[in-house]
Amino acid sequence: MTLSAAQLALGSLSGSFVGFTLGLIGGGGSVLAVPLMVYLVGVGNPHVAIGTSAVAVAINAAANLANHARSGNVKWHCALVFAATGVVGAFAGSTLGKMVDGQKLLLLFALVMIVIGLLMLRRRGTNSQLDVKLSRDNLLPLLAFGFGTGTLSGFFGIGGGFLIVPALMFATGMPILYAIGSSLVSVTAFGLTTAANYALSGLVDWALAATFLVAGIAGGLVGAKLAARLSGTRGTLNKVFATVVFVVAAYMIYRSWSALGHSA
């Protein structure tokens, strides 16, 4: 599809907002990429919106992964095992997603947004097991959770960080800081797999992806600076953003349900 200058401008605005929220609260913001592309930018094909957002999510995650790796927050052996089966799941999920009617996919996407919003409201505990290593005890849970989260990530075209982080903590007992850093290996791998699968079907708008990504980087820098100042109110910020996610999800359910009703 060919987007107008106005749509690309709206794509830039959307990308900066997603990047800003990612920088501000550290995750979850990418779930708004698809609804913004569909309802604000005006991307008519939900599958194009999902494929395009997967490109932006993957590259954004790779940049953040580099930062966490330099800080020593990535448990590579656990992260790579988790991502290995997750990539298989992401390919299967994205292949299935392309076969589902666009409006039905948006409706399911909205339901997942509600789950993510609820996860954002849940307080995460800390764990003192700092010396986490790959072992026979955590190998099977890592493989199983990796495949499951990868499938969901590929099907909906989301980064899946809010699913991957608790999955890594549950499978290995690693602290949340390591789980966040390690999760970015999977977010990057799942995003690239999903983006490649959609690109093979011509379901990626590269101009929009580039615009969205560049603006997202700028927005992320602003969000990160603000987050440093508001570090004591992170819980409140999560609640506010979760509320936004719930409102957007409700709107998506309304629009998708109405569209499905008219097409019936």
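None of the values given here were measured: they were computed from a predicted structure.

This brings us to the overall build of the protein. Summing up its helical and strand segments, the protein has 10 helices and zero strands in all. Start at the N end of the protein and walk to the C end: the helices and strands fall as α-α-α-α-α-α-α-α-α-α. Here the protein has a C-alpha radius of gyration of 18 Å; the compact-globule value for 264 residues is 18 Å, and the two agree. Each of the 264 residues in the protein was classed as buried or not, and the buried ones make up 50%. Look at the contacts in the protein between residues 6 or more apart in sequence, and 85% of them connect residues 24 or more apart. Accessible surface computed for the protein: about 12100 Å², of which carbon and sulfur atoms make up 68%. One way to put it: in the protein the 14 positive side-chain charges average out to a point 11 Å from where the 4 negative ones average out.

If you trace the backbone, T52 turns up in helix 3 (residues 46–70). Every residue in contact with T52, bar those within four places of it in the chain, is listed here: M37, L203, V204, D205, L208 and A209.

It is worth spelling out the environment of F109 at this point. Along the chain, F109 falls in helix 5 (residues 102–121). Along the backbone, F109 and A249 are 140 residues apart, and their C-alpha atoms lie at a distance of 8.1 Å. When neighbours within four sequence positions are excluded, F109 is seen to be in contact with V31, V34, P35, F156, I158 and M252.

This next bit is on helix 8 (residues 176–200). Its 25 residues give helix 8 an end-to-end C-alpha distance of 36 Å, which sits within 8% of 36 Å, the value for a rise of 1.5 Å per residue. The buried count for helix 8 comes to 18 of 25 residues, which makes it a mostly enclosed element. The positive-phi residue at the C-terminal boundary of helix 8 is G202, with phi of around 70 degrees.

Here we take up the nonpolar core. Counting residues in each nonpolar core, the largest one holds 42 residues, and the members touching the most others are V31, V34, V43, F109, M113, I116 and I158. Breaking this core down by element, the ones donating at least two residues are helix 2 (33–41), helix 3, helix 5, helix 6 (136–156), helix 8, helix 9 (206–229) and helix 10 (234–263). For this core, the element with the highest residue contribution is helix 5, accounting for eight residues.

Inspection of the secondary structure assignment puts L10 in helix 1 (residues 5–25). By relative accessible area, which is 28% here, L10 ends up partly exposed. For the pair L10 and L139, spaced 129 residues apart in sequence, the C-alpha separation works out to 44 Å. Excluding anything up to four places from it in sequence, L10 contacts L40 and V41.

Moving on, we come to the packing of aromatic side chains. Taken as a whole and judged by the stated rule, the model has four aromatic pairs. With 5.3 Å between their ring centres and 75 degrees between their planes, Y39 and Y251 make a pair best called edge-to-face. Remark: Y251 occurs in helix 10 and Y39 occurs in helix 2; sequence separation between them is 212 residues. Assessed through its relative accessible area of 23%, Y39 is described here as partly exposed. The interplanar angle of 70 degrees and the centroid separation of 6.1 Å between the aromatic rings of F109 and F156 together place this pair among those described as edge-to-face. Note that F109 is positioned in helix 5 and F156 in helix 6, a separation of 47 residues in sequence. Relative accessible area serves as the criterion here: at 1%, F109 is assigned to the buried category. Classification of F156 by relative accessible area gives buried; the value is 6%.

What counts and how
Residues numbered from 1 in each chain as written. Predicted model: local features only at pLDDT ≥ 70, side-chain atom pairs only at ≥ 80, totals over all residues. Heavy atoms only, no water. Helix = DSSP H or I, 4+ residues; strand = E, 2+ residues; numbered from the N terminus. Rg over C-alpha atoms; globule rule 2.2 N^0.38 Å. Buried < 20%, exposed > 50% of the residue type's maximum accessible area, 1.4 Å probe, protein only. Contact = heavy atoms within 4.5 Å. Areas by Shrake-Rupley, 256 points an atom, 1.4 Å probe, with all protein chains shown as cover. Lys, Arg positive; Asp, Glu negative; His and termini not counted. Charge placed at Lys NZ, Arg CZ, Asp CG, Glu CD. Expected span 1.5 Å × (residues − 1). Core = buried A, V, L, I, M, F, W, Y, C linked by side-chain atoms within 4.5 Å. Phe/Tyr/Trp six-rings, centres within 6.5 Å; stacked < 30°, edge-to-face > 60°.

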